[in-house]
Amino acid sequence: MAKKDWIAGFQTWFLYFWAYCVLGWCYEVFLEVVVYRWGFSNRGFLWGPYLPVYGVGALLIVGCLRGLKTRPLRIGRVNVMPVVVFAAIVALTTAVELITSYLLEWTTGGWLWDYTRYTIQWQGRICLSASLRFGVGGMIILYLLQPLLEKGVGRLGARRRIVFAVLFAVFAADWVWHILGIG
């Protein structure tokens, strides 16, 4: 792959990452404010309205599973591939959440969620309810949002570089801000 192609690919995938980080933050805030009625708080450990764990999870879903979604897997006349994809998304996102909890605990002394009140959970780090919701969200990402996002990023054309540069600078500054303990 030529250097120019690699850079364009990185910019494109970063824009996907950013979009899913922001959507994840919106999802968390919606749950917090509307569903649980706890009131608003900035979810996550960075200052901006984005949660990197959602971006990582979404990119893993897209990167690992998009080829499966179009392959038929039939039991009789019924295509069961969507069920297989859903199960794979649940497994993948649960693993991401579990690994993230350990990374956060190792780097910050704790993690940002607690599932101990849920019936089927493990160490308060993961729970069946959240895993199933991530499965539904992953299906929405894979079958609906990613195709729309690809069209949207494609429409940016040459402006993609500018949008990437601004968002990457903001994201990098936020990480530096966090690492230095300013935020």
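It should be emphasised that the depicted structure is a prediction, and the values quoted were computed from it without experimental measurement.

1. Structural notes on the pattern of salt bridges
Applying the stated criterion to the full structure yields 2 salt bridges. A salt bridge links E150 to R66; the shortest N-O distance between them is 3.1 Å. A residue pair is termed long-range when its members are at least 10 positions apart, and E150 in helix 4 (residues 128-156) and R66 in the loop between helix 2 (52-65) and strand 1 (74-75) qualify at 84 residues. Residue R66 is classed as partly exposed on the basis of its relative accessible area of 36%. Residue R125 pairs with E105 through a salt bridge whose shortest N-O separation is 2.5 Å.

2. A look at the packing of aromatic side chains
A full pass over the atoms with the stated rule returns 18 aromatic pairs. Ring centres of W6 and F10 lie 5.8 Å apart, and the angle between their planes is 10°; this geometry places the pair in the stacked category. Linking W6 with F10, this pair stays in helix 1 (residues 3-35), spanning 4 residues, or about one helical turn. Assessed through its relative accessible area of 38%, F10 is described here as partly exposed. With a centroid separation of 5.2 Å and an interplanar angle of 70°, the aromatic rings of F14 and F168 are classed as edge-to-face.

Rules of the game
Residues numbered from 1 in each chain as written. Predicted model: local features only at pLDDT ≥ 70, side-chain atom pairs only at ≥ 80, totals over all residues. Heavy atoms only, no water. Salt bridge = Lys/Arg side-chain N within 4 Å of Asp/Glu carboxyl O. Helix = DSSP H or I, 4+ residues; strand = E, 2+ residues; numbered from the N terminus. Buried < 20%, exposed > 50% of the residue type's maximum accessible area, 1.4 Å probe, protein only. Phe/Tyr/Trp six-rings, centres within 6.5 Å; stacked < 30°, edge-to-face > 60°.

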